[in-house]
Amino acid sequence: MSEEASGTNIGPLDIGRVLAALPHRYPMLLVDRVEELILDKSIVAIKAVTINEQFFQGHFPGRPIMPGVLQVEALAQAAGVLAVESLGLAGSGKLVYFMSIDGVKFRKPVEPGVLLKLEVEFIQKRSRVCKFAGKATLNGEIATECEFTAMIADPPTA
């Protein structure tokens, strides 16, 4: 457990703290800020979806929609911040890898110009494997929901 007490709300987190927790960088960084993070419990993060995103060039011309797989990736990145902060691993270089994704449902298209709210909570937490439930919402309406499992791992050696 981190030096901060379990169940403690340490949010909001700025982009610097997000970058310390995640190895992702532009164009694959899909968490812009963290509004709330309760250690060992849950996270609420935001992805500002803009027309400048590279994927909108081809998905789809004339009807831009954020790919569902990137919505799930955004949820996973929020979960990565939650796991790394809860386990006291920020800045350690540890990586969070997907192991499984279950029960994904896409309920509403995500278009440019919205703030996608990413809400993730622990279902189960072990030292190296964590299970999460996540939902991405637009103005309180569910756009995407799923459960997923991830593994905490050392980065590959050079």
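Reading the values: the criteria
- Residues numbered from 1 in each chain as written.
- Predicted model: local features only at pLDDT ≥ 70, side-chain atom pairs only at ≥ 80, totals over all residues.
- Heavy atoms only, no water.
- Salt bridge = Lys/Arg side-chain N within 4 Å of Asp/Glu carboxyl O.
- Helix = DSSP H or I, 4+ residues; strand = E, 2+ residues; numbered from the N terminus.
- Buried < 20%, exposed > 50% of the residue type's maximum accessible area, 1.4 Å probe, protein only.
- Polar contact = N/O pair within 3.5 Å; in protein donor to acceptor, adjacent residues only side chain to side chain.
- Contact = heavy atoms within 4.5 Å.
- Phe/Tyr/Trp six-rings, centres within 6.5 Å; stacked < 30°, edge-to-face > 60°.
- Lys NZ or Arg CZ within 6 Å of the ring centre and 35° of its normal.
- Core = buried A, V, L, I, M, F, W, Y, C linked by side-chain atoms within 4.5 Å.

A short note on the pattern of salt bridges
As a working rule, side chains carrying opposite charge can pair if their charged atoms are close by. Inspection of every chain in the model, using the stated rule, returns nine salt bridges. In this structure, the salt-bridge partner of Glu111 is Arg63, at a minimum N-O distance of 2.1 Å. With a gap of 48 residues between them, Glu111 in the loop between β3 (95-106) and β4 (114-125) and Arg63 in the loop between β2 (42-49) and α2 (68-86) connect regions that are remote in the sequence. The exposure class assigned to Glu111 is partly exposed, which follows from its relative accessible area of 33%.

Brief notes about the side chain of Thr144
Positionally, Thr144 belongs in strand β6 (residues 141-153). At a separation of 2.3 Å, a polar atom in the side chain of Thr144 contacts the side chain of Gln71. Leave out the neighbours within four places in its chain, and Thr144 touches Gln71, Val72, Leu75, Lys105, Phe106, Gly134, Lys135 and Ala136.

Comments concerning unusual backbone geometry
Working note: non-glycine residues mostly have negative phi, and peptide bonds are mostly trans. The omega angle of the peptide bond from Gly11 to Pro12 is -5°, so this bond is cis rather than trans. For Pro12, the location among the structural elements is in the segment before α1 (15-21). In this model, Tyr26 is joined to Pro27 through a cis peptide bond whose omega is 5°. Mapping Pro27 onto the fold places it in the loop between α1 and β1 (33-38). Not every positive phi belongs to a glycine, and Asp40 is a case in point at roughly 65°. Looking at the element boundaries, Asp40 is found in the loop between β1 and β2. Unlike most non-glycine residues, Asn139 shows phi in positive territory, near 50°.

Some words on the packing of aromatic side chains
One pass over the structure, following the stated rule, counts four aromatic pairs. One aromatic cluster is present, built from ring pairs that chain together Phe98, Phe122, Phe132 and Phe148. In this structure, Lys125 is placed above the aromatic ring of Phe122, and the distance from its NZ or CZ to the ring centre is 5.8 Å.

Looking at the nonpolar core
If you look at the biggest cluster of nonpolar residues, it comprises 44 residues, and the most contacted ones within it are Val34, Leu37, Val81, Leu116, Leu118 and Phe132. Elements supplying a minimum of two residues to this core: α1, β1, β2, α2, β4, β5 (129-138) and β6. Per-element accounting of this core gives the leading share, eleven residues, to α2. In this structure Leu116 touches Ala45, Ile46, Lys47, Val49, Met66, Gln71, Val110, Ala136, Thr137, Leu138 and Ala143, once residues within four positions along its chain are discounted.

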